[in-house]
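Listed here are the chains, written in short residue letters.
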Amino acid sequence: RSRRGGTGNTGGTGNNGMDAPSAAGLGGADPQLQRFIEVETQKQRFQQLVHQMTELCWEKCMDKPGPKLDSRAETCFVNCVERFIDTSQFILNRLEQTQKSKSAFSESLSD
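A quick note: this is a predicted structure, and the numbers were derived from the prediction, not measured. (Residues numbered from 1 in each chain as written. Predicted model: local features only at pLDDT ≥ 70, side-chain atom pairs only at ≥ 80, totals over all residues. Heavy atoms only, no water.)

Between the first and last C-alpha of helix 1 (residues 31–61) there are 44 Å, a value that for 31 residues agrees with the 45 Å anticipated at 1.5 Å per step. Of all the residues in helix 1, the buried ones are Gln34, Ile37, Thr41, Gln48, Gln52, Met53, Glu55, Cys57 and Cys61. (Helix = DSSP H or I, 4+ residues; strand = E, 2+ residues; numbered from the N terminus. Expected span 1.5 Å × (residues − 1). Buried < 20%, exposed > 50% of the residue type's maximum accessible area, 1.4 Å probe, protein only.)

What follows is the structure, encoded as structure tokens:
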């Protein structure tokens, strides 16, 4: 695997440019189909997050691959994964707060 020559994907929704139809956009479609699409979309996002985390932490922690991880690299990987999860959770919480404040602002304007 080359270092930083890979996908060039640094974020986004993780759908590689292919927009899966959202369940909300299906209107009166079958509820089972809507649920299936939601689950598959979540799986795809999770896989993309794992890919991003793996790429980021590999770049940061793996100086020279060997037959096994040394304690420094292992500690680095653990810290990297934990910070990646913390950061992802922070961003999600922040987006939710922003969305809630926009909704509250819109509701106050319509009153």
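As a further point, take the confidence of the model for the protein. In this model, the protein carries an average pLDDT of 77, and 73% of its residues clear a pLDDT of 70 or more. Predicted confidence for residues 1–20 stays below pLDDT 50, and this span has 21 contacts to residues more than four positions away or in other chains. (pLDDT = per-residue confidence, 0-100. Contact = heavy atoms within 4.5 Å.)

Time to look at the nonpolar core. Grouped together as the largest cluster of nonpolar side chains are 8 residues: Met53, Cys57, Cys61, Met62, Cys76, Phe77, Cys80 and Phe84. Only helix 1 and helix 2 (71–110) provide two or more residues apiece to this core. Counting residues per element, this core draws most heavily on helix 2, at 4 residues. Aside from chain neighbours lying at most four places away, what touches Cys61 is Arg72, Ala73, Cys76, Phe77 and Cys80. (Core = buried A, V, L, I, M, F, W, Y, C linked by side-chain atoms within 4.5 Å.)

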